[in-house]
Amino acid sequence: MEKKTYYVSVHGRSVLDDPQATSYEWEIHAAPEEVDAISHMLELLGEKEESTFLAYTYPWPDSPEDTVNSSYQSVLDNLYREIYRLGTEETRQLLSRIGYEN
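Quantities reported herein were computed from a predicted structural model and do not represent experimental measurements.

So, how was this worked out
For every chain, the first residue of the written sequence is number 1, and numbering continues from 1 onward in sequence order. Thresholds applied to this predicted model are a pLDDT of at least 70 for local features of residues and 80 or more for the giving and counting of side-chain atom pairs; totals over whole chains, interfaces and linings are not thresholded and use all residues. For the side-chain quantities, the full set of heavy atoms in the structure was used; hydrogens and water were omitted. Strand pairing is assigned whenever DSSP identifies at least 2 bridges connecting the two strands. Comment: elements are numbered from the N terminus, with helices defined as DSSP H or I runs of at least four residues and strands as E runs of at least two. Any pair of Phe, Tyr and Trp rings, taking the six-membered ring for Trp, is counted once the centres come within 6.5 Å. Such a pair is stacked with planes under 30 degrees apart, edge-to-face with planes over 60 apart, and tilted for the rest. For each residue, the accessible area found with a 1.4 Å probe, counting protein chains only, is set against the maximum for its type, and the residue is called buried under 20%, exposed over 50%, and partly exposed in between. Any Lys NZ or Arg CZ found within 6 Å of a ring centre and within 35 degrees of that ring's normal is scored as a charge over the ring.

Considerations on the pairing of strand E1 (residues 4–9)
In step 1: Both E1 and strand E3 (residues 26–30) contribute to a ladder of five bridges, which runs antiparallel. Across the sheet, the residue bridging to tyrosine 6 is isoleucine 28, located in E3.
In step 2: Here E1 pairs with strand E2 (residues 14–16) via three bridges, running antiparallel. For valine 8, the partnering residue across the bridge sits in E2 and is valine 15.
In step 3: Connecting the antiparallel pair E1 and E2 is a turn made up of four residues, with arginine 13 showing a positive phi of about 55 degrees.

In structure tokens, the structure reads:
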């Protein structure tokens, strides 16, 4: 399983192999299966973000704020842990500074 360098944008919800294609926040070394997993997490994060937005726009009595937030935060934490695991040394150092480590 050969690993390549990829560029991850959490904000842009993308994983690309061309650093010139778009702006990115993180650089990782990953196999295709690992890239697929990160792409899936980014999609899931987008879905959680949309449902969080809807929960605040159309609040329901049965949607406690901490439940809505914890679901989104859980996906975000898992995503950053995976980026840390696959990240370059620079990526790991930056993530360590903001509190995401394995």
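Moving on, there is more to tell.
A look at the packing of aromatic side chains
In step 1: Counting across every chain of the model gives two aromatic pairs.
In step 2: Ring plane angle 55 degrees and centroid distance 4.7 Å describe the contact between tyrosine 7 and tyrosine 24, whose orientation is recorded as tilted. Taken together, the positions of tyrosine 7 in strand E1 and tyrosine 24 in the loop between E2 and E3 put the pair 17 residues apart, joining distant regions of the chain.
In step 3: Residue tyrosine 7 is classed as buried on the basis of its relative accessible area of 13%.
In step 4: For tyrosine 24, a relative accessible area of 34% corresponds to the partly exposed category.
In step 5: The ring of tyrosine 84 is capped by arginine 92, whose NZ or CZ atom sits 5.3 Å from the centre of that ring.

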